[in-house]
Amino acid sequence: MTATTTSCCAPIARAPLSEPDAAELAVLLKAAADPVRLRLLSMIGSHAGGEACVCDLTAAFDLTAPTISHHLKVLRTAGLIDSERRGTWVYYWIVPAAVARLGALFTPLAEPASV
């Protein structure tokens, strides 16, 4: 009987995470593990041109502007988004490498896990 390998496992199931990698990923996961912040990430990432003005984000929530600013700061501090002030408004965009790192953590790879 021959053993068959299948590609089933995401990187998190392929090999143990190192302590530094786990610490870095935990910061990203913790920042994204809030419904408001997940919605903000989605709104920013799907906005026309790949960036959104804070003025486009606040109206979608039944929260105060300081609360939205706090959530945006958490995302920015974690490195999931970046921003730039343009006149009165601040514009936000996704940091592709950080978001891709989160996605890759749970996405199955084409190569089978080595045993």
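For the structure itself, look to the data block above.
Residues numbered from 1 in each chain as written. Predicted model: local features only at pLDDT ≥ 70, side-chain atom pairs only at ≥ 80, totals over all residues. Heavy atoms only, no water.

### A few points about a nonpolar patch on the surface
1) Next: A contiguous nonpolar surface patch, about 340 Å² in accessible area, is contributed by I12, L17, L29 and F106.
2) Next: The residue F106 is located in helix α6 (residues 96-106) in this model. (Patch = residues over 30% accessible without salt bridge, like charges linked within 9 Å, V, L, I, M, F, W, Y side chains within 5 Å. Areas by Shrake-Rupley, 256 points an atom, 1.4 Å probe, with all protein chains shown as cover. Salt bridge = Lys/Arg side-chain N within 4 Å of Asp/Glu carboxyl O. Helix = DSSP H or I, 4+ residues; strand = E, 2+ residues; numbered from the N terminus.)

### A few points about the packing of aromatic side chains
1) Next: The final tally for this structure, using the stated rule, is zero aromatic pairs.
2) Next: Directly above the ring of Y91 sits R86, whose terminal nitrogen or CZ lies 4.5 Å from the centroid. (Phe/Tyr/Trp six-rings, centres within 6.5 Å; stacked < 30°, edge-to-face > 60°. Lys NZ or Arg CZ within 6 Å of the ring centre and 35° of its normal.)

### Notes on the pairing of strand β2 (residues 81-86)
1) Next: Bridge analysis of β2 against strand β3 (residues 89-94) gives six bridges, and the strand direction is antiparallel. Pairing of R86 across the sheet is with W89, part of β3.
2) Next: Between β2 and β3, which pair antiparallel one after the other, the connecting turn spans two residues, and G87 there sits at a positive phi close to 70°. (Pairing = 2+ DSSP bridges.)

### Quick look at the sheet that holds β2
1) Next: Pairing within the open sheet is antiparallel, and its three strands lie in the order β1-β3-β2. Only two strands of the sheet have a single neighbouring strand rather than two, namely β1 (51-53) and β2. Each strand axis lies, on average, 25° off the axis of its neighbour in the sheet, ignoring direction.
2) Next: Strands in contact with helix α3 (residues 35-46) are β1, β2 and β3; relative to β3, the strand with the most contacts, it is inclined by about 90°. (Axes fitted to C-alpha atoms, helices over the stretch in contact; angles between N-to-C directions. Contact = heavy atoms within 4.5 Å.)

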